[in-house]
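Close look at the chain arrangement
The residues making up each chain are set out below.
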Amino acid sequence: MTDHGGSNLPGLDDEDEEDRIVLHVDVDCFYAACERLREPELRGEPVVVGMGYEDGATHGAVATASYEAREYGVESAQAISTALERLPRKATADVPDTDHDPAEAGYYRPVDMEYYQSVSEDVREILHDSAGTVREVSVDEAYLDVTDRTAWEVAEGFARHVKQRIDREVGVTASVGVAPNMSAAKIASDYDKPDGLVVVDPDEVQTFLAPLDVEEVHGVGPVTARTLREMGVETAGDLADADPRELEDEFGERGRELHRRARGADERDVTPRGRPKSLSRESAFTDPTTDAAETRQRVTTLAAAVAERAKSKDAMYRTIGIKVVTPPYDVNTRERSLPGPVDDPDLVEDVALELLEEFRDDPVRKVGVRVSNLQFTENDQASLDGFDASRTDGAGDADAATEPDDARQGSAGDDPDPSGQVSLSDF
């Protein structure tokens, strides 16, 4: 690991750089972080997000636990009954004549998928603005290939810039790992959580990996780790030094892949998951504002940016929408559907401003403009004849991509990695 220092966004000086520069961005305790955005008073407190803790519920599970809650032994995927035994619910502990100490209690919140996906969209916009190639793998993490955006000498400064934007513009903390390949970058992002930033230079990958517990190798979960330990393999270095033929005999081709990863080899390209479902731009005010003219001007600017981005991607759109965040962190979305796909920047602005009128008298802390129901074809755009400008549909759905860690890792990911958060798809 090398400390390059710096906090400004650097440029690329050497376009012939051979080693790829991959970032793995992972938002810390994402669901709990989202709840703290909505309720700032939860910052620094134990927060558990899950299901089944309500009165009368008989079973449920923890989706994620903040680091403060983990100090009490609460973990993701844990039975909610176990979590409540280790960390009583604050509302219950505050009731007189109970045996619970309110100071030793935590805050429990239900899973709010729509809200989390909305916050995830904000993070994704920053990631796509920071890299030409982004692979979104879950609601709270992604890989970025930034080889054409920076250089190894200043990679830490680039990664720090991404972290700072997420913190400043969204309000959540991310850990970032920088390495020459995907698996090493993921290990690096986990290395110093929370709020970590670890850079592993190309010539230091094996040195970085060698002393780590074998379970830290990307794709090695508890079951595989137990088998490896029975084979005398305790660390990533041991795995790198093991006979690949013996590993293949035990685990099949997956054994050879784990061997390669332990040696720092991972030739996978950072590939996008496909065309985007929507395009958006958002902007936050330093303080909530009630200046309607200022808010309209901001929306006008965002509408132009979104329309330009759609044009650059040869995308037409059938839905135009806005997002308005009001204090403390209430997310309001409105959208309007068109009779057919269009490429019309003026219409994006007009519709966005009309939808914004509903919030003219509200304090606003953030606004966004979004186009969705995209069509990537050369077909002529539909006529707007008959378009009813007064028709407004309800809030649009979020597009946060979710993909299990195992599925995206191929054969080396069959044994799930333990993580600090359960996928939203599990609920």
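This report concerns the structure included in the present document.

Thresholds, definitions, all that
- Residues numbered from 1 in each chain as written.
- Predicted model: local features only at pLDDT ≥ 70, side-chain atom pairs only at ≥ 80, totals over all residues.
- Heavy atoms only, no water.
- Helix = DSSP H or I, 4+ residues; strand = E, 2+ residues; numbered from the N terminus.
- Buried < 20%, exposed > 50% of the residue type's maximum accessible area, 1.4 Å probe, protein only.
- Contact = heavy atoms within 4.5 Å.
- Areas by Shrake-Rupley, 256 points an atom, 1.4 Å probe, with all protein chains shown as cover.
- Patch = residues over 30% accessible without salt bridge, like charges linked within 9 Å, V, L, I, M, F, W, Y side chains within 5 Å.
- Salt bridge = Lys/Arg side-chain N within 4 Å of Asp/Glu carboxyl O.
- Lys, Arg positive; Asp, Glu negative; His and termini not counted.
- Charge placed at Lys NZ, Arg CZ, Asp CG, Glu CD.
- Phe/Tyr/Trp six-rings, centres within 6.5 Å; stacked < 30°, edge-to-face > 60°.
- Pairing = 2+ DSSP bridges.
- Axes fitted to C-alpha atoms, helices over the stretch in contact; angles between N-to-C directions.
- Parallel < 35°, antiparallel > 145°, perpendicular 65-115°, else oblique.
- Nonpolar A, V, L, I, M, F, W, Y, C, P; charged D, E, K, R; others polar.
- Core = buried A, V, L, I, M, F, W, Y, C linked by side-chain atoms within 4.5 Å.
- Polar contact = N/O pair within 3.5 Å; in protein donor to acceptor, adjacent residues only side chain to side chain.

So, about the overall build of the chain. Helix and strand content of the chain: 15 helices and twelve strands. Here the chain holds 427 residues, and 50% of them are scored as buried. Put simply, 70% of the contacts in the chain that link residues at least 6 apart link residues at least 24 apart. Accessible surface for the chain amounts to roughly 19400 Å². Of this, 43% is attributable to carbon and sulfur atoms.

Moving on, we come to a negative patch on the surface. The grouping of E230, E246, D249 and E250 at the surface amounts to a negative patch. Considering each element in turn, the negative patch owes the most residues, three residues, to helix α11 (residues 244-251). Relative to the helices and strands, E246 resides in helix α11.

Let us look at the packing of aromatic side chains. What the rule picks out here adds up to four aromatic pairs. Judged by centre distance (6.1 Å) and plane angle (55°), the rings of Y115 and Y116 are tilted. The pair formed by Y115 and Y116 is uniform in burial state, with each residue classed as buried. Members of the aromatic cluster, connected to one another through ring pairs, are F30, Y31, Y115 and Y116.

This brings us to the environment of L258. Of note, L258 is situated in helix α12 (residues 253-262). Residues L258 and L247, eleven residues apart in the sequence, show an inter-C-alpha distance of 8.6 Å.

If you trace the three strands from one edge of the open sheet to the other, you get β3-β2-β4, paired in mixed fashion. Of all strands in the sheet, those with a lone pairing partner are β3 (62-65) and β4 (107-110), marking the two edges. Adjacent strand axes in the sheet meet at a mean angle of 25° when their direction is disregarded. Along the sheet face, helix α1 (residues 30-38) touches β2 (47-50), β3 and β4 and points at about 110° away from the line of β2.

Between α1 and helix α5 (residues 113-130), the shortest axis-to-axis distance is 10 Å and the interhelical angle comes to 90°. The angle between α1 and α5 places the two elements in the roughly perpendicular class. For the pair formed by α1 and α5, the contact residues are F30, Y31, C34, E35, L37 and R38 on the first element and Y115, Y116, V119 and S120 on the second. For the contact of α1 with α5, a count of residues per class yields seven nonpolar, one polar and two charged.

This brings us to the sheet that holds strand β7 (residues 174-179). In space, the five strands of this open sheet follow the order β5-β6-β1-β7-β8, with mixed pairing throughout. In this open sheet, the two strands that pair with only one neighbour each are β5 (133-138) and β8 (197-199). The average undirected angle you get between the axes of adjacent strands in this sheet is 15°. Strand direction decides the pairing type here: β7 and β8, joined by three bridges, are parallel. The residue of β8 that forms the bridge with V178 is V199.

A few words now on the pattern of salt bridges. Going through the model one piece at a time under the given rule, you end up with 33 salt bridges. Residue E357 is joined to R296 by a salt bridge in which the shortest nitrogen-to-oxygen separation is 3.0 Å. In this pair, E357 sits in the loop between α14 (345-356) and β12 (364-375) while R296 sits in helix α13 (residues 292-312), placing the two residues 61 residues apart along the sequence. Salt bridges here are not isolated pairs; linked through shared partners, they connect E125, D129, R165, R168, E169, R281 and R309.

Next up on the list: the nonpolar core. Core analysis: the largest hydrophobic core is formed by 42 residues, its most contacted members being L23, V119, L127, L144, I166, V172 and V178. Within the residue set of this core, elements represented by two or more residues are β1 (22-27), α1, β2, α5, β6 (141-145), α6 (155-170), β7 and β8. The residues touching L127, leaving out its near neighbours within four places in the chain, are V25, V134, A142, L144, V162 and I166. In this structure, A188, A236, A240 and A262 belong to the second largest nonpolar core, which totals 30 residues.

Among the secondary structure elements, S76 is positioned in the loop between α2 (67-70) and α3 (80-86). The spacing of S76 and C29 is 47 residues in sequence and 10.0 Å in space, taken between C-alpha atoms.

Moving on: the side chain of S283. In this fold, S283 is placed in strand β9 (residues 278-289). A relative accessible area of 19% places S283 in the buried class. Here R298 takes part through its side chain, which lies 2.6 Å from a polar atom of the side chain of S283. When residues no more than four places from it in sequence are discounted, the contact partners of S283 are R298, L302, K366 and V367.

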